[in-house]
Amino acid sequence: MRVELARWEDRLVVVKRLLGTHPVASQRLEREAAVVGRLRHENIVPLLGISGDASLIYAYCPGVSLEAALERGPLRPRRAIKIARDVLSALAYAHAEGVLHLDVKPANILVKGETALLTDFGFAKDLGLTAITTQDMLLGTPSFMAPEQFKGVRTDHRSDLYATGAVIYHMLTGAPPFGGQVVRWLAGDDRVPLDPLPESVAQYEPIVAKALARDPDERYSCAEEFLAALEDVALAAT
Ligand SMILES: Nc1ncnc2c1ncn2[C@@H]1O[C@H](COP(=O)(O)OP(=O)(O)O)[C@@H](O)[C@H]1O
Ligand SMILES: [Mg+2]
């Protein structure tokens, strides 16, 4: 997959194009088109169109990926929490539409200032469409992947909530949870410690811990509940 900037009808767009003819990649692109084409939300990068030669045309979002933003270390708490709220708003909407993202991570979040947009629904599961194989999920970084997803057992909207918890942890600490031991943790080893959040943002510790629970039943039950918890703490902190 190649992502490049182009001009289209006098506006800047981002074209996501298939490079080869790999069936998994083309299946991913088709899935992405089918799923994101019907989503409209202020925190989701809008799909503008599909072009015949297996490419998707997106609105260009000025700014940087959250992954790039995090290269310079942790974000200021206020900005981190606003980005988290935007991602959770996007997920609350997508989940209500029957869409699971399943690849929430900093590279798939575009940020400009304190506003965030979720993108890359290439691994998304649309509960209204037939299931896609999830074997290729393991190609990516496991740092933001929920344990049940890593193990290839049933995923649901709470896998996205785990990933969002991992993204918040990264924004507040400067590194993803469980560091170099993440695979051991994902494989089931509860002795792997989660380094605590810095003192200055310790009030978010219970929220992040709940989102990162191994058992989905112990996480927030939905994105709205997660969002409300975050807003409560953010409000108390100001
Ligand atoms: N609409 C956009 N506007 C600006 N940059 C984008 C846009 N879409 C993607 N990008 C950039 O390209 C990168 C890869 O895009 P993504 O959709 O995640 O493709 P892939 O399927 O290759 O992961 C993102 O991390 C981001 O830096
Ligand atoms: Mg991506």
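Residues numbered from 1 in each chain as written. Chains lettered and ligands numbered in written order. Predicted model: local features only at pLDDT ≥ 70, side-chain atom pairs only at ≥ 80, totals over all residues.

Participant: Could you give an account of the domain arrangement of the chain, with specific residues and numbers?
Facilitator: How big an interface is tends to be stated in terms of the accessible area lost upon association of its parts. Examined at the domain level, the chain breaks down into domain 1 (2–59) and domain 2 (64–237). For domain 1 versus domain 2, the distance between C-alpha centres works out to 23 Å. Class assignment of the residues belonging to the side of domain 1 that touches domain 2 gives a composition of seven nonpolar, three polar and three charged. (Domains from an automatic or database assignment. Nonpolar A, V, L, I, M, F, W, Y, C, P; charged D, E, K, R; others polar.)

Participant: Describe the sheet that holds strand S2 (residues 11–17), with residues and values.
Facilitator: In sheet architecture, strand pairing relies on hydrogen bonds along the backbone and comes in two forms, parallel and antiparallel. With antiparallel pairing, four strands are arranged side by side in an open sheet as S1-S2-S4-S3. This sheet does not close on itself; its edge strands, each paired only once, are strand S1 (2–8) and strand S3 (47–51). Strand-to-strand twist of the sheet, defined as the mean angle between neighbouring strand axes without regard to direction, takes the value 30°. Where S2 and strand S4 (residues 55–59) come together, five bridges link them in antiparallel fashion. The partner of Val13 across the bridge, within S4, is Ala59. (Pairing = 2+ DSSP bridges. Helix = DSSP H or I, 4+ residues; strand = E, 2+ residues; numbered from the N terminus. Axes fitted to C-alpha atoms, helices over the stretch in contact; angles between N-to-C directions.)

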